[in-house]
Each structure stands twice: as structure tokens, then as C-alpha cells.
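Fold and contact review
Okay, here's what each chain looks like letter by letter:
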Amino acid sequence: MKTQADNQQLPNDGNRPGIWQLIRPYWVSSERWLAFALLGLILTINFTTTYAHVALNKLHGGLTDALVALDWPLISMTMLKTLGIGVVSTIMPLISVLAIEYLTLRWRTWMTKSFISHWTRHPAYYQLERDNLITNGDQRIAEDIKLFTDTTINLFTNIIYVVVNVTTFTIILWGLSGALSIPLGERTLTIPGYMVFAVYLYSFAHLALTHWLGKVLIGVNMHRQTVEADFRFLGMQMRENAEQIAFFGGGDREGQRLVSRFGRVRDNTLLMMRKTFKLSLFQSMFAQVFSPLPMLLALPLLLSGKITMGGLTQITMAYGTLLSTLAFFQQAYQSFTNWVALANRLRDLLWALSKARDQLAGISLTRQGTALFCDGLTLFRPDGVVLSHLPHWQVNAGERWVVTGQSGSGKSTLLRACAGLWPYGEGSIIAPEGVRTLFLPQKSYIPVGTLKSALAYPLEPESFTDQQYRQALEDSCLAERADSLTESGRWQQVLSGGEQQRLAMARVFLHRPDFIFLDEATSALDPDTEYQLYQTLVEKLPDSTLISVAHRKSLEQFHHHILTLAPGQDK
Ligand SMILES: Nc1ncnc2c1ncn2[C@@H]1O[C@H](COP(=O)(O)OP(=O)(O)OP(=O)(O)O)[C@@H](O)[C@H]1O
């Protein structure tokens, strides 16, 4: 069980959380010790690799001088050392990659579990959809967390590596490059470690121009995640509703919608390509124009005899290494823009989840006693339009009520309010405490899996015996499925509308709830089967309280009371 500190915190001030609030929770969670140990291992390997490069740099300088002097014993010794260090610096990064992947997986797992726990609570997953608070929440959890953790670890370890490398090679280059003396009339201007200044000046100019050209990529990247997710979502919807679309002959229309949605992906990719090309072109032109710079800068030292040919190799190598290390900041610019975009999408999700958590309900719902009691209840649509008004409605334990009224008068909304899923309105509802309640809508959710797990939902399939399952199927006029209990399938696609409603009714017989809310739960059945089901229901569960939303008059005979909802007036 996760503790409070072991979860991604939702903001409490109603504002979008900062990136730090997204990153910090994992690094202070109970996983932190292993996480820091792995990070330590990765950084140690990176440092070791840096020093291997330093050693190689020295060895190369020595090798050049040994070659010039044709000193064979020195040449073979230096080559052996180079080989040894080369092997170490090849294996170390492989271990580092493994550690990075493992750390990323652990962080992703932690964040995914945290987000899922927030998303499935309240129930936020329903509130986000009902109030259209955010798009593609599920895909943000599935995709964006993965990319975010991956990019954060890679950017961070690379930055540390770069900082260490930059410091090391700055010191080396400072020592190697000596001072540049420029005669200015009678005086001489001396610039110590002038090659270091040159490389930093060059890199800073490069980065500033990269940022100027590339900052637009943050927005483009963020938009990319959204349009890609929207396109995937439309495809998913088509898959889910394949049959209805086929009946309507809506394939062409869906095709057009998909192509138009893909058009946004294409436009975004083209924009991205244009911006990236511009950036890359600038970066390579800049590098090309300034490539002879280190040789030109070091030449005065060679010509004045201050350094040997080996010294020149060492200087240009150190300059090159420092330059390519600093170039990380320009190269990583695109990853950085992508990272900010991912972080923004996750920050938006955290914000939406906190909105769902903090939503103030206009309707107060409390639990106490054994009856259902609505007092001064007015149901609104989210935009404030009044749906219906119930000054006083009391349902005592064991009573059976049928709720009728015009389409759109708010019958389903009343049931949502009783389940605590509808905050828009005024008044209070006192729901019975500690009773088993079951809400059956017109179309019940049937999870993919065995028929047993579909019947037992949301409990585990082991919660009931085979005999209980068979009996429930028989009671709900679905006895012909009794031999398919362990069969796995996509029942929502396989079963007819009426069969799905009978399966949902079988849940009622199986779970034997104290309070049963049926929202047109038998509307797809023929009158005889519907009659038989209600007959069995009142016989088998005589003490259960029943509230049925129904348009058919024939159902009134199974109920003691009728509640008719009248459409309300605008507030
Ligand atoms: N999430 C929502 N956002 C905006 N409006 C909504 C939402 N859910 C329901 N409504 C509106 O609230 C009104 C009442 O809906 P409800 O489903 O309660 O009606 P009903 O009486 O059960 O209708 P029917 O008999 O047709 O099933 C409808 O006009 C509907 O469009």
C-alpha cells in the first residue's frame, strides 16, 4: 500500500504544478535510495569514462612524439596502454546504458502507478470525461510518462557528464594552450589560456543562435503529442464502434474524419521538419565555417617553438573534445524542447486531476440510515440549465419505485446524483449506509475476459461458485451460456444487445444487492422476457429496494410507487 509520501502529489492551490513538482516526488519516495544508488553508478561510470578520455588524450600526444622520434619501445608500450584504456571505456558505457534503462523503468513504474491511482479515484476518470477537463488522459499516462522519465534521466546524466567533461578539458586546454602574445605598438597584450576563451565564445554564440531559432519547437512538440493522440483516439473509437458504423455505412465518413485528423499530424510533422531542418542547417554551417579555427589558433604556438608537433595534436584534440562536449547543449536542444512539451502535458493532467478532486458538489451526499432521501433536490445541467426539481422524495428499504418522465427530463441524472457522480444541482441526498448497491445502465460495461469475470465484475471471479453462476444465468434467461463460464471473449462485441442486458441482470441475481437501480436496463428485451426477468427479480430478491427508470407502462405492475420527473425551468 502506498503512503502519502509515496505518491505523485496533486497541486492544492488550483494552479498548474511546476516541472519540479512533477520530478521531485519520486526522488523523495521510499524508492529514493535505490534510485540514487543507480544514479550514482551511472555518474561514476560517466566520470570514469571521462578520465579514460583524458588518459587517451595524453597517450595520443605521447604516441605522436614517439612516432616522430621513431622510439619503438615507447610506441609499443603506448599502444598497449591505449588498447587497455580503450577496452575499459567501451565496456563502461554499456553498463551505464543498462543502469539508465533500469532506473527509467523503475521511475516510470512509480509514476504510472501514482497517476493511475489519482485517475481511478473520486472517480476522476469519469469526471475528466464528463466535464471535458482534458483530452487523452489515458494516453498521457501510457505514452508521456514513459517518454518523460526516459528523457529526464538521459538529459540529466548527459548534462552531468558534459559538466565534468567540460571542466576537465577546460583545465587541460588551459594548461596546454599557454598564452597568446599580441604586440600592440610598444606594448604586448597577453591572453592566458586563449584557446579556452575561443572555444567558450564560439559555443556560447552557437547556443544563443540555436535557442533563437529553435524555441518555437517547444510549442510544435507539445502540439505533436496532442495531434498524434487525437488521431489514435479516433481510430480506437472506430474499432470500438465498428458495428454501428458499419450499419450506418459510415466507413467513408470515418475515413474522411481519420484522414482529416491525420492531416493535423501531417501538418505538424511538416512544420517540425521545416523548423528542425532550419536549425540543423544553421548548426552544421556554423560548425563547418569555424572548423579550421583550432589549428589556426594553435599555429602561433608551433611556429614560435613553444610546442612540438605532438603538443599541437594534443591541443587540437583537447579543443575538439571540449567543443564537441559543449556542442551537447546545441544538439540536446531538440530533446529539451520535447522534454518541456512532455512535462507540460503531464502538468496539465495533474492540474485536471486536482480539479476533479477539488470539485465542489452543489448537491450534498451523505450516507446514513437505511432509506434514500432527497430533500430540496434540483438537478442542473453543467451549464446551469435546470433539469428537474424534487422537493421531497423518500425511498424506504424494500420499496420498489419506477421513475418516469420525458426524455431528457433528468431520470438518468437523478441516478447519477444518487451514486455521487453528478455534482451539478442543489439540495441534499441522504443515501443508505453500509448497503450493497448496484446501478445498471441501459448498456452495461462488460470487461474482456471469461464469462465468469464478466458476471462477477467488479469482484474477482473466485468470489462465487460455479453453481451460483449457473443459477444466475438461469434466472436471467441466459441458461444457454452456462457452459461458457470459462470461455474468454470480447462479450460486448459478441453478445446481442438483449443478451448483454440479461448478462447485466445476471449480475443482480449473483451479487444480490440491497439497493438496485435499473436505468432502462431491460429496454432491449422483448416484453415476455422483460416480464419474466422482473417477475424473477421480485421473487428472488423480495427485500431489495428497487428503483427502475422506465418508459414502458408494463413495468409499473412490479413497483409500489411512481415518481414522475417534470422538466424544470431555467435557473
Ligand atoms: N455530461 C453532460 N454534459 C452536458 N449535458 C449533459 C451531460 N449529461 C447529461 N446531460 C444532459 O442532461 C439532460 C438530462 O439527461 P438524462 O440522461 O438524465 O435524461 P433522461 O431523462 O434519462 O433521458 P432519456 O429518457 O432520454 O434517457 C440531457 O439534456 C442531457 O443532454
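Please read these numbers as outputs of a predicted model, since none were measured by experiment.

A look at the sheet that holds strand β3 (residues 364-367)
If you walk across this open sheet you meet the 4 strands as β3-β7-β4-β5, and the pairing is mixed. Every other strand in the sheet has two partners, leaving β3 and β5 (386-395) as the edge strands with one partner each. If you compare each strand with its neighbour and ignore which way they point, the axes differ by 10 degrees on average. Relative to strand β7 (residues 425-431), β3 runs parallel, the two sharing 4 bridges. Following the sheet pairing, L365 is matched in β7 by I429.

Quick notes on the UniProt feature "transmembrane region" (unreviewed entry) in the protein chain
In the UniProt entry, the feature "transmembrane region" (unreviewed entry) is given for residues 33-54, 74-103, 155-174, 194-214, 281-303 and 309-329. In this annotation, residues 74-103 is assigned 100% helix and 0% strand; the end-to-end C-alpha distance for the span is 43 Å. Annotated as residues 194-214, this span is 100% helix and 0% strand, and its ends, taken at the C-alpha atoms, are 30 Å apart.

Some remarks on the nonpolar core
Inside soluble globular proteins, nonpolar side chains tend to come together where they are buried. Counting residues in hydrophobic clusters, the biggest one holds 52 residues, and the most contacted among them are C418, L455, L503, A506 and F517. Of all hydrophobic cores here, the second largest spans 27 residues; its members include I100, F115, L342 and A352.

So, unusual backbone geometry
For the bond running from Y457 to P458, omega is 10 degrees, close enough to zero to count as cis. Position of P458 among the secondary structure elements: in the loop between α14 (451-456) and α15 (466-475). For N132, which is not glycine, the phi torsion reads 50 degrees and is therefore positive. Residue position: N132 is located in the loop between α4 (124-130) and α5 (137-177). Since 9 C-beta atoms lie within 10 Å of it, N132 is described here as exposed.

A closer look at the environment of S117
Relative to the elements of secondary structure, S117 occurs in helix α3 (residues 72-119). C-alpha of S117 to C-alpha of Y445: the two residues are 328 residues apart in sequence and 21 Å apart in space.

Observations concerning α15
Within the span of α15, buried status applies to Y469, A472, L473 and D475. Down the axis of α15, the smallest arc covering the buried residues is 160 degrees, so these residues share one side. Opposite its buried face, α15 presents the exposed residues D466 and Q467, each directed more than 90 degrees away. Packing partners of the buried residues in α15 comprise α14, α17 (497-511) and α18 (527-540).

Definitions and cut-offs
Residues numbered from 1 in each chain as written. Predicted model: local features only at pLDDT ≥ 70, side-chain atom pairs only at ≥ 80, totals over all residues. Pairing = 2+ DSSP bridges. Helix = DSSP H or I, 4+ residues; strand = E, 2+ residues; numbered from the N terminus. Axes fitted to C-alpha atoms, helices over the stretch in contact; angles between N-to-C directions. UniProt positions renumbered as here; feature names shortened; annotations may be inferred. Core = buried A, V, L, I, M, F, W, Y, C linked by C-beta atoms within 7 Å. Buried ≥ 20, exposed ≤ 12 C-beta atoms within 10 Å, placed from the backbone. Arc of directions from axis to C-beta. Contact = placed C-beta atoms within 7 Å.

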